[in-house]
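An overview of the molecular structure
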Amino acid sequence: MSQHGVGPRAVTRSVAFLTAGVLAVPALAGCGSEDPAGKPLAAPDIQPAARDKIADGGTLRWAVDSVPDTLNTFQSDADATTTRVAQAVLPSMFRMDASGRPERHPAYLESAKVVETEPKQVVLYKLDQQAVWSDGREIGAADFAAQWRALSGKDTAYWTARNAGYDRIQKIERGDSALEVRVTFSRPYADWRSLFSPLYPKEVMGTPDSFNDGARRKLKVTAGPFTVKKVDTENDRITLARNPRWWGEPAKLSAIELRTVPRDKRAAELAAGTLDLAEIDPAAARRITLAARPHSSSSPLMGPGADRSAADALHSWAVANGSDEDAADEETVARKKLRKAAAKYARQRQALRGFEVRKSLEPAFTQLALNGAEGPLADERVRRAVARALDREELAEAVLKPLGLPAVPVGSHLALSGQAAYADNSGALGGQDTEEAQALLADAGWVRGGPVKKKEKEEKAAGGEGERADGSSGADEDDKAQGQDPAGHLAQDGKQYKHPHPGGAPGAYAPQGTAAPANQEAAPLAKNGKALTLRFVLPSGPGSQTLRTVADRITRMLQRVGIGTEISKVSDESYFKDHIASGQYDLALYSWPATAYPATDARPVYAKPVPAADGSLSVEQNYTRVGTDQVDQLFDEAAATLDEGKSRSLIRKADSRIWAAAGSIPLFQRPQLLAARKNLANTGAFGLATPVYEDMGFLKKSTKPAPGPSASGG
């Protein structure tokens, strides 16, 4: 049974460092014999099974975050569920293997290759002769041409979210037969494999009206192992049914039901028997892992009352049986509620024994973003100091080690370990070094014990309100009343910046022999009467605990070098739109999806911001506002280079420069935890790959589940 899978290409990658002269770039990994791309840090964990071991039929009930507003992945409000549906019901010319690298999809393509480079690049697609849409029509050049015209950007009546790559196509025509499609490009395009995945039928792409509205709540014509049977917005679910016209291996499942279930409710829904597969948080994963173990006196206590000591229990009994009747009645009621909750928890624990946790690493990484638009972080030296203060290994271990996953920091902004373009270029910035961080800050004019002007009452503290690293607090955006929680010296790109000798920056060093002020080590760094305090914006929702844990550690690391932080917790709904995208932050944690096509997909994330016609700054998706002409040029060269080795080399050079600019610091690959029914095969944590939907199913009763990587719960 094949387990190739498709890693979802980011539809929208959702979530100013200038240098003079020629930039020196360090020798990049890959110049030697060993492939710097390496291997994926974690393999898929999907309970693989041969198709003959899987029963025919059954419905897979799969938890999702939402029923999407559109089924058109090329629209701005498409989401992860849109992508999941598209993977199951639409053609993709290329998909991702387990290393996150594109490969030809054999169900749709016999071959696809560049057949001409002069005078124009021409790609010839040879389609599988059995490939048909669900209405019986053959997939062909008309569908390719309709999608190109819709996404080329030439007709603004199409409300498209992106046109990258399609804007380079000059024409599309039929080849020597109906099974051949010739695509001619107006200019060379290295990432041509990114196109037509997914491919929509001409009925959707043919006119602006059908594109804009025809595929939002339904897809009448499809060409995958499943079709869209029903989008039920009232009950928040989408039903996919087996496609009788599918020419490949028939789907084992009769149907897949994508059900909207909030993440904090998923453990209960699994226990209630209403779900078979669900992405879960670490707390739910621990519940399921412990439920699978034989109960003993040494088992850790969980659930209602687990945190009560023997003294607490004795006190509760004493109150319930005491002479104060009111207190006794109140305590008796509380004890009954606790017993009821504990009994419910025990029943859920028993039900959860039918599930296991399957785990891998997501095709996405978490980063620390540094807003370089204004304030202290507009100075590259301060950004680099923040980066050099971080122990990325410690941060990765804090998140991944308790889950039994490889705790290795991400070494690239543009690819993940195992992907073709990956190389660890973090050396362009350097690792954790407290002394170097302090020297960078001193060179930028920030000194300990400097005078700090008192602020007016109504003035916000340095970059925003929130909880300070030193323990004092401002106010949460959600509850103000309660109160919670151009660079002067630029580094040579690709080289670690070394601080100059004393005397290089006014105010950075005291004359030799000057006595240190009292309590200097405890005093904050200051410059021009202002303390060095950065606003650290975090989401406040229950699903963001991991980010807040990482933020706490980062805060302590920064404090060691004299950088203060003020934590500002905001609602999940406003976090990205009102803070990250609008630039209302100094520091923030968010993730970017990985891509097999960084020259195309990553360019808007790291493009140099440019002034718009209205005087504002156009940042595309570069929410750190840090970019360079050189990085833009390297992306453009990589996208236009058909030599794959040269293109990868250019991408790695771009990544080295992005590291040196210190606008964002990749931390770790995100953990991927899924709860799956034990007899569910060929699905779970897919890692860099995406599902092969036709192979999913429930094992035959006579087949015993094979122990997988996470069988022990890790």
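Note that this is a predicted model, so its numbers are computed, not measured.

**Regarding the overall build of the chain**
When you go through the chain residue by residue, the secondary structure sums to 17 helices and 24 strands. In the chain, which comprises 714 residues, the proportion classed as buried is 52%. Accessible area for the chain stands at about 31700 Å²; split by element, carbon and sulfur atoms hold 49% of it.

**Points about the packing of helix α9 (residues 380–389) against helix α11 (residues 434–443)**
The contact between α9 and α11 brings their axes to 8 Å, and the two run at 165°. Classified by the angle between their axes, α9 and α11 sit roughly antiparallel to one another. As α9 packs across α11, the resulting crossing turns out to be left-handed. Contact residues: α9 offers Arg381, Val382, Arg384, Ala385, Arg388 and Ala389, while α11 offers Thr434, Glu436, Ala437, Leu440, Leu441 and Asp443. Looking at side-chain class alone, the contact of α9 with α11 contains 6 nonpolar, 1 polar and 5 charged residues.

**As for helix α13 (residues 572–580)**
Residues of α13 that are buried include every one of Ser574, Tyr575, His579 and Ile580, and no others. Viewed end-on, α13 has its buried residues packed into an arc of 145°, placing them on one side of the element. In α13, the exposed positions angled more than 90 degrees off the buried face are occupied by Glu573 and Lys577. Those residues of α13 that are buried lie in contact with β17 (533–539), β18 (564–570) and β19 (587–593).

**Description of the sheet that holds strand β15 (residues 525–527)**
Spatial ordering of the open sheet is given by β13-β15-β16, a layout of 3 strands whose pairing is antiparallel. Only two strands of the sheet have a single neighbouring strand rather than two, namely β13 (447–448) and β16 (530–531). Note that β13 and β15 share 2 bridges and pair antiparallel. Considered in β15, the bridge of valine 447 is made with alanine 526.

**What about the pairing of strand β6 (residues 169–174)?**
By the bridge criterion, 5 bridges tie β6 to strand β7 (residues 180–185) in an arrangement that is antiparallel. Residue pairing for β7: lysine 171 is matched across the bridge by threonine 184. Taking the residues that link successive antiparallel strands as the turn, the β6-β7 hairpin has 5 residues.

**As for the sheet that holds β6**
Pairing within the open sheet is antiparallel, and its 4 strands lie in the order β4-β5-β7-β6. Each edge of the sheet is formed by a strand with only one pairing partner; in this case those strands are β4 (109–116) and β6. Across the sheet, the axes of successive neighbouring strands diverge by a mean angle of 15°, strand direction being ignored. Pairing of β4 with strand β5 (residues 122–127) involves 6 bridges; the strand directions are antiparallel. The residue bridging serine 111 from the neighbouring strand is lysine 126, located in β5. Taken strand by strand, helix α2 (residues 141–151) contacts β5, β6 and β7, and its axis lies near 160° from that of β6.

**Observations regarding the packing of aromatic side chains**
Geometry of an aromatic ring pair is reported as the spacing of the ring centres plus the angle between the planes. Applying the stated criterion to the full structure yields 18 aromatic pairs. Ring centres of tyrosine 125 and phenylalanine 144 lie 5.4 Å apart, and the angle between their planes is 50°; this geometry places the pair in the tilted category. Residue tyrosine 125 is found in strand β5, and its partner phenylalanine 144 is found in helix α2; the two are separated by 19 residues along the sequence. Here tyrosine 125 and phenylalanine 144 have matching classes, each one buried. Between the aromatic rings of phenylalanine 576 and tyrosine 590, the centroid separation amounts to 5.5 Å while the plane-to-plane angle is 80°, which identifies the pairing as edge-to-face. Here phenylalanine 576, found in helix α13, pairs with tyrosine 590, found in strand β19; they are 14 residues apart in sequence, far enough to count as distant. Phenylalanine 576 sits in the partly exposed class, given a relative accessible area of 24%. With relative accessibility at 5%, the residue tyrosine 590 sits in the buried group.

**Some remarks on a negative patch on the surface**
Negative charge collects at one region of the surface, where Asp324, Glu325, Asp326, Asp329 and Glu330 lie side by side. Mapped onto the secondary structure, aspartate 329 falls in helix α8 (residues 325–351).

Quick notes on the rules
- Residues numbered from 1 in each chain as written.
- Predicted model: local features only at pLDDT ≥ 70, side-chain atom pairs only at ≥ 80, totals over all residues.
- Heavy atoms only, no water.
- Helix = DSSP H or I, 4+ residues; strand = E, 2+ residues; numbered from the N terminus.
- Buried < 20%, exposed > 50% of the residue type's maximum accessible area, 1.4 Å probe, protein only.
- Areas by Shrake-Rupley, 256 points an atom, 1.4 Å probe, with all protein chains shown as cover.
- Axes fitted to C-alpha atoms, helices over the stretch in contact; angles between N-to-C directions.
- Parallel < 35°, antiparallel > 145°, perpendicular 65-115°, else oblique.
- Left-handed = near helix turned anticlockwise from the far one by under 90°.
- Contact = heavy atoms within 4.5 Å.
- Nonpolar A, V, L, I, M, F, W, Y, C, P; charged D, E, K, R; others polar.
- Arc of directions from axis to C-beta.
- Pairing = 2+ DSSP bridges.
- Phe/Tyr/Trp six-rings, centres within 6.5 Å; stacked < 30°, edge-to-face > 60°.
- Patch = residues over 30% accessible without salt bridge, like charges linked within 9 Å, V, L, I, M, F, W, Y side chains within 5 Å.
- Salt bridge = Lys/Arg side-chain N within 4 Å of Asp/Glu carboxyl O.
- Lys, Arg positive; Asp, Glu negative; His and termini not counted.
- Charge placed at Lys NZ, Arg CZ, Asp CG, Glu CD.

Geometric values such as these leave the question of function open.
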